[in-house]
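# Structural description and commentary
Each chain, written out:
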Amino acid sequence: MPNPLKCYIKVVGNKIVESIFQEAEPLEGMPVAHVNSTLYGGGVAEILHSLVYLMNDAGIEAEWRVIKGNQDFFNVTKSFHNALQGEAVQFTERMKRTYLKTNKEFAKITHLEHYDCVVVHDPQPAACINYFEKMQPWIWRCHIDLSKPNRKVYDFLKQFIVKYDHAIISNKKFLCPLPGRCSIIYPSIDPLSPKNKELSEKQIEKQLRGHSIDMDKPIVAQISRFDKWKDPLGVLKAFEIVRKRFDCKLVLLGNLADDDPEGEIIYNQVVKEAEKLKDVHVILEYNDLLVNALQRASSVVLQKSIKEGFGLTVAEALWKKTPVIGGNTGGIPLQIINGKTGFVVSSIEECAKRMLFLLRNPKKAKEMGKAGHEHVKKHFLITRHLLDYIRLIKSLVL
Ligand code: UDP
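Our subject in this report is the structure included herewith. (Residues numbered from 1 in each chain as written. Predicted model: local features only at pLDDT ≥ 70, side-chain atom pairs only at ≥ 80, totals over all residues. Heavy atoms only, no water.)

Bringing the packing of helix H13 (residues 348–360) against helix H14 (residues 362–379) into the picture now. Working note: a packed helix pair is described by the angle between its axes plus the distance between those axes. Packing of H13 against H14 brings their axes to within 5 Å, and their N-to-C directions diverge by 100°. Here H13 is positioned roughly perpendicular relative to H14, judged by the angle of their axes. In this structure, H13 uses Phe357, Leu358, Leu359 and Arg360 to contact H14, whose residues at the interface are Pro362, Lys364, Ala365 and Met368. Its residues placed into classes, the contact of H13 with H14 shows 6 nonpolar, no polar and 2 charged. (Axes fitted to C-alpha atoms, helices over the stretch in contact; angles between N-to-C directions. Helix = DSSP H or I, 4+ residues; strand = E, 2+ residues; numbered from the N terminus. Parallel < 35°, antiparallel > 145°, perpendicular 65-115°, else oblique. Contact = heavy atoms within 4.5 Å. Nonpolar A, V, L, I, M, F, W, Y, C, P; charged D, E, K, R; others polar.)

Structure follows, in structure tokens:
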């Protein structure tokens with residue numbers, strides 16, 4: 001269970017927490033629904049776990065609904081996800097039918113008409129708006145990197161998106177789905193969640209030892225769903241270059257999300273490649289404390305994505321004062337101020353070069369980590385995110 005809002009005073013100060021309660025007052029008792037496609041795995045579920053609870057603590061009656069789909073549906077929606085991030089995918093009439101059928105069934109058993117505002121996250125449940133007599137504001141919150149979407153899939157989804165009153169995207173560089181009715185809201189991390197709370201040295205060691213990771217040499221880690229967009233194979237190649245010059249180890253920790261059917265395939269590829277290298281640990285596990293411990297114990301955290309809506313893992317590591325090397329894409333450069341809180345990179349070689357630099361210059365790495373913590377505190381904490389939502393909902397509902 002997340003912490004109540006008052007606990008955040010010690011992190012962000014009284015003024016911010018007070019302003020949340022004040023701004024939320026006109027929304028007291030208002031039923032608001034968040035709709036997404038998975039309870040666990042990935043950044044959206046991560047945010048909703050804290051956001052929905054804190055909205056309630058601020059007096060809003062927020063609830064969380066999850067679209068139920070079979071393997072076929074999630075295969076289709078993962079293709080949509082890939083297409084929106086720019087991949088050329090097969091797009092057939094059968095896929096459209098599968099997508100619409102699940103959205104229709106979901107709409108029938110989910111009484112979204114009972115809410116005063118509905119927030120739908122990402123494309124999976126986006127079409128359910130089609131099956132309601134819309135009486136209240138609907139918001140489409142897109143977490144995906146929409147810089148260069150595949151037009152066929154985007155245009156198909158657009159027929160549903162235009163029915164929404166407002167859209168939220170994470171970056172001004174992304175295509176705006178509803179011109180004039182679109183906000184840029186940065187995602188956030190919860191500093192008091194099990195994944196981000198303070199841990200003692202003893203707790204960190206316990207987590208790592210429990211997973212057979214000795215802290216005998218510097219650790220580099222990437223913590224991400226096993227997804228091609230996160231480029232775990234590129235990480236292995238960059239590490240191979242580094243490992244020849246610097247004695248260190250790599251940990252790739254990942255989980256599988258219910259709504260991502262490609263995860264297992266990528267995981268198997270990663271394991272196969274990792275077996276050829278020394279000092280690589282690949283862990284498949286859902287464990288917040290392990291994520292927390294690893295982000296704290298690492299000398300450098302990587303998020304070598306090729307496409308990335310935002311990349312919560314970057315903010316999570318920076319919050320723990322660990323510098324991050326990330327792909328120069330999507331929301332990553334918002335978090336990594338190049339040369340200040342880490343490095344943004346565009347190739348395997350550049351990633352290796354920056355890793356070596358940070359491993360060889362721990363003092364500089366520490367400075368960057370500290371700067372990263374301040375940057376996250378200012379821009380990417382859940383309290384700011386909650387306030388943004390409260391203000392937006394007020395502007396649409398009142
Ligand atoms: N995550 C996790 N365990 C893992 C891998 C990832 O808990 O093994 C979490 C990670 O800490 C972050 C979220 O999943 O909170 C991933 O969010 P991000 O925005 O980085 O990427 P997404 O998966 O949404 O594309």
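Back to the write-up after that little detour.
Applying the stated criterion across every chain yields a total of 3 cavities of 30 Å³ or more. Space inside the largest cavity adds up to approximately 840 Å³. Surrounding the largest cavity, 48 residues form its lining, Gly42, Gly43, Val44, Arg225 and Lys230 being those nearest its centre. Looking at the lining of the largest cavity residue by residue, the classes come out as 14 nonpolar, 20 polar and 14 charged. (1 Å grid on protein atoms, 1.4 Å probe; cavity = no way out; pocket = protein on both sides within 12 Å on 5 of 7 lines; lining within 4 Å. Points joined across faces, edges and corners; volume = space filled by probe spheres on them.)

For the rest of this paragraph, the subject is the sheet that holds strand E10 (residues 300–303). An order of E9-E8-E7-E10-E11-E12 is seen for the 6 strands of this open sheet, with the pairing classed as parallel. The open sheet is flanked by strand E9 (280–284) and strand E12 (342–345), the only strands paired with a single partner. With direction set aside, neighbouring strand axes in the sheet form an average angle of 20°. Taken together, the 3 bridges between strand E7 (residues 219–223) and E10 define a ladder with parallel strand orientation. Paired with Ala221 across the bridge in E10 is Val301. Of the strands in this sheet, E7, E10, strand E11 (324–327) and E12 are in contact with H13, which crosses E12 at around 170°. (Pairing = 2+ DSSP bridges.)

Scanning the model with the defined rule gives 16 aromatic pairs in all. Here the aromatic cluster, defined as three or more aromatic residues joined through ring pairs, consists of Phe73, Phe74, Phe80, Phe91, Tyr99, Phe156 and Phe160. (Phe/Tyr/Trp six-rings, centres within 6.5 Å; stacked < 30°, edge-to-face > 60°.)

With that settled, consider the environment of Arg296. One can find Arg296 in helix H10 (residues 288–297). Sequence separation between Arg296 and Tyr164 is 132 residues, and the spatial gap between their C-alpha atoms is 41 Å. If we ignore the near neighbours within four places in the chain, the residues touching Arg296 are Asn196, Lys197, Glu198, Leu199, Ile204, Lys320 and Thr322. Reaching out from Arg296, the side chain makes a polar contact with the backbone oxygen of Asn196 at a distance of 3.0 Å. (Polar contact = N/O pair within 3.5 Å; in protein donor to acceptor, adjacent residues only side chain to side chain.)

One open sheet accounts for 6 strands, arranged E2-E1-E3-E4-E5-E6; its pairing is parallel. Looking at the sheet topology across the chains shown, the edges are occupied by strand E2 (61–66) and strand E6 (182–184). Adjacent strand axes in the sheet meet at a mean angle of 20°, parallel and antiparallel pairs treated alike. Bridge count between strand E3 (residues 117–121) and strand E4 (residues 138–141): 4 bridges; the pairing is parallel. Following the sheet pairing, Val118 is matched in E4 by Trp138. Of the strands in this sheet, strand E1 (31–36), E2 and E3 are in contact with helix H3 (residues 43–57), which crosses E2 at around 155°.

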